[in-house]
Amino acid sequence: MRAVIMHGPGDVRVEEREDPTILEPTDAVIRLAATCICGSDLWPYRGVDQPDHQHMGHEYVGVVEEIGEAVETLEVGDFVVGSFVISCGRCEICREGHPSRCVHAVFVDGEIGTQAEKARIPFADGTLVATPGPPAAELVPSLLAASDVLGTGWFAADAAQAGPGRVVAVVGDGAVGLMGILSAKQMGAERIIAMSRHADRQALAREYGATDIVTERGDEGVARIKELTNGLGAHSVIEAVGTQESMMQAIRSTRPGGHIGFVGVSHDVELPGDELFFSAVHLHGGPAPVRRYLPELIQLIWDREIDPGKVFDLTLPLADAAEGYAAMDERRATKVLLTL
Ligand SMILES: [Zn+2]
Ligand SMILES: [Zn+2]
């Protein structure tokens with residue numbers, strides 16, 4: 001089968017790999033229907049993380065081709081959506097609702113890699129969710145979004161307690177930030193402030209439910225959020241970048257007692273203890289427990305209540321993955337879908 005391998009920063013190639021097979025009785029092998037490139041794939045692409053012949057890709061939808069004898073909830077032929085973290089579904093951490101930190105957790109990036117024609121998914125019952133039937137073609141991008149960016153944006157909005165009567169601010173206008181806006185809207189947030197400098201992303205942010213756009217950053221950005229919230233700050237803040245600047249922006253934009261959902265993969269962030277202490281905010285974040293939300297998100301997509309698939313603004317064949325990475329790196333695309 002063909003798969004995307006990152007040999008080093010900026011060096012993305014589509015190469016032949018051996019087909020995956022069932023190794024454990026809890027495994028499934030799926031044939032990918034679509035996959036995509038994540039903003040987090042840009043960290044190794046830009047050399048912030050050091051890739052070394054890494055098997056890329058962690059977002060995926062596909063059809064089950066083979067199952068191990070212990071798999072109970074799936075059948076060959078099912079169309080499935082999976083989380084970007086393998087989870088057993090049975091340990092205490094999974095049962096308490098944090099499958100991305102399962103005691104058996106494995107990140108799909110690296111070992112598995114779903115920018116490929118096929119993938120072996122360990123703990124298939126605890127990781128994959130079948131759709132009610134074969135999806136219409138136009139639902140596939142939205143189901144693919146559920147695998148990470150929608151699930152992650154949803155978690156961020158949930159962790160930030162977005163809901164009726166709450167003002168939500170979203171730091172970051174990449175795919176996850178945009179999905180955070182969609183999620184906050186779906187959860188009934190009263191007002192949603194998107195922090196964005198890009199006209200095309202502002203337009204999609206508005207379409208997904210943003211009521212205000214703030215283009216300033218840093219201290220000026222914080223000042224604008226305060227202006228819009230009677231000087232108090234937002235109730236709920238979604239942090240979807242993962243840098244020192246974005247994290248401080250989130251903390252300083254939140255009112256005392258407010259909630260922050262931080263889901264940008266943290267890179268060299270150091271929080272000043274004294275400022276954190278006096279901010280009196282709630283912080284909850286990390287790799288999103290996507291598997292927990294998948295049944296609900298699949299249903300919302302199936303019923304056409306949400307359309308997260310619009311976040312893909314470039315579609316390329318898997319063979320052109322290198323061009324997809326370049327397009328995202330150069331911000332010519334927000335998120336690239338790869339067809340198989
Ligand atoms: Zn991702
Ligand atoms: Zn578990």
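The rules behind the values
- Residues numbered from 1 in each chain as written.
- Chains lettered and ligands numbered in written order.
- Predicted model: local features only at pLDDT ≥ 70, side-chain atom pairs only at ≥ 80, totals over all residues.
- Pairing = 2+ DSSP bridges.
- Helix = DSSP H or I, 4+ residues; strand = E, 2+ residues; numbered from the N terminus.
- Axes fitted to C-alpha atoms, helices over the stretch in contact; angles between N-to-C directions.
- Contact = placed C-beta atoms within 7 Å.
- Expected span 1.5 Å × (residues − 1).
- Bend = angle between axes of the 7 residues up to and from the residue.
- Buried ≥ 20, exposed ≤ 12 C-beta atoms within 10 Å, placed from the backbone.
- Domains from an automatic or database assignment.
- Nonpolar A, V, L, I, M, F, W, Y, C, P; charged D, E, K, R; others polar.
- Parallel < 35°, antiparallel > 145°, perpendicular 65-115°, else oblique.
- Left-handed = near helix turned anticlockwise from the far one by under 90°.
- Core = buried A, V, L, I, M, F, W, Y, C linked by C-beta atoms within 7 Å.
- Arc of directions from axis to C-beta.

### As for the sheet that holds strand S13 (residues 212-214)
In step 1: Here we have six strands laid out as an open sheet, ordered S13-S12-S11-S14-S15-S16, and parallel in their pairing. Lying at the two open borders of the sheet, with one neighbouring strand each, are S13 and strand S16 (282-285). Mean inter-strand twist for the sheet, computed between neighbouring axes without regard to direction, equals 20°.
In step 2: Inspection of the sheet shows strand S12 (residues 191-195) paired to S13 by three bridges, in the parallel sense. Its bridge partner being in S13, Ile193 is matched across the sheet by Asp212.
In step 3: Contacts between helix H5 (residues 149-159) and the sheet are confined to strand S14 (234-239), strand S15 (254-262) and S16, with S15 contributing the most and set at about 160° to the helix.
In step 4: Relative to S15, helix H9 (residues 244-253) is tilted by about 145°, and along the sheet it contacts strand S11 (167-171), S14 and S15.

### Let's talk about helix H11 (residues 290-302)
In step 1: For H11, built from 13 residues, the straight-helix expectation of 18 Å at 1.5 Å per residue is met to within 8% by its first-to-last C-alpha distance of 17 Å.
In step 2: At Glu296, H11 is bent by approximately 30°, the largest bend along its length.
In step 3: Residues of H11 that are buried: Val290, Arg291, Arg292, Tyr293, Leu294, Leu297, Ile298 and Ile301.
In step 4: A positive backbone phi angle near 55° is found at Arg304, which sits one or two residues after H11.

### A look at the domain arrangement of the chain
In step 1: When cut into domains, the chain gives domain 1 (2-148 + 289-339) and domain 2 (154-285).
In step 2: Here the C-alpha centroids of domain 1 and domain 2 sit 26 Å apart.
In step 3: At the interface, 14 residues of domain 1 touch 13 residues of domain 2.
In step 4: Of the residues assigned to the side of domain 1 that touches domain 2, the class counts are nine nonpolar, three polar and two charged.

### Quick notes on the pairing of strand S2 (residues 11-16)
Remember that side chains alternate between the two faces of the sheet whenever the strand is regular.
In step 1: Strand direction decides the pairing type here: strand S1 (residues 2-8) and S2, joined by six bridges, are antiparallel. When the sheet's bridge partners are listed, Ala3 is paired in S2 with Glu15.
In step 2: In this antiparallel pair of consecutive strands, S1 and S2, the connection spans two residues, and Gly10 shows a positive phi of 75°.

### Quick look at the sheet that holds strand S4 (residues 54-55)
Strand pairing in a sheet is mediated by backbone hydrogen bonds. Such pairs are either parallel or antiparallel.
In step 1: Reading across from one edge, S2-S1-S4 is the order of the three strands in this open sheet, with antiparallel pairing throughout. In the strand order of this sheet, the two ends are held by S2 and S4, each with one partner.
In step 2: With two bridges joining them, S1 and S4 adopt antiparallel strand pairing. Bridged to Met6 within S4 is Gln54.
In step 3: Contacting S1 and S2, helix H12 (residues 321-329) crosses the sheet at an angle of about 155° to S2.

### Here we look at the packing of H5 against helix H6 (residues 175-186)
The relative placement of two packed helices is expressed as an angle between their axes plus a distance between the axes.
In step 1: Closest axis-to-axis distance for the H5/H6 pair is 7 Å, and the angle between their directions is 55°. In terms of their interaxial angle, H5 and H6 are classed as oblique. Classified by chirality, the crossing of H6 by H5 is right-handed. Residues Val149, Leu150, Thr152, Gly153, Trp154, Ala156 and Ala157 of H5 form the contact with H6, whose own contacting residues are Ala175, Val176, Met179, Gly180, Leu182, Ser183 and Ala184.
In step 2: Taken together, the residues that form the contact of H5 with H6 break down as ten nonpolar, four polar and no charged.

### Considerations on the nonpolar core
In step 1: The biggest cluster of nonpolar side chains holds 107 residues, and the ones touching the most others in it are Val168, Val170, Ile181 and Ile193.
In step 2: The greatest single-element share of this core, amounting to eight residues, is contributed by strand S3 (residues 28-37).
In step 3: Each of two domains, domain 1 (2-148 + 289-339) and domain 2 (154-285), supplies a minimum of three residues to this core.
In step 4: When sequence neighbours within four positions are dropped, the list of residues in contact with Val168 reads Ala160, Ala162, Ala184, Ala189, Ile192, Ile193, Ala234, Ser236 and Ile238.

### Some remarks on H12
In step 1: Those residues of H12 that sit buried are Ala321, Gly324, Tyr325 and Met328. One face of H12 carries all of its buried residues, which in axial projection span an arc of 100°.

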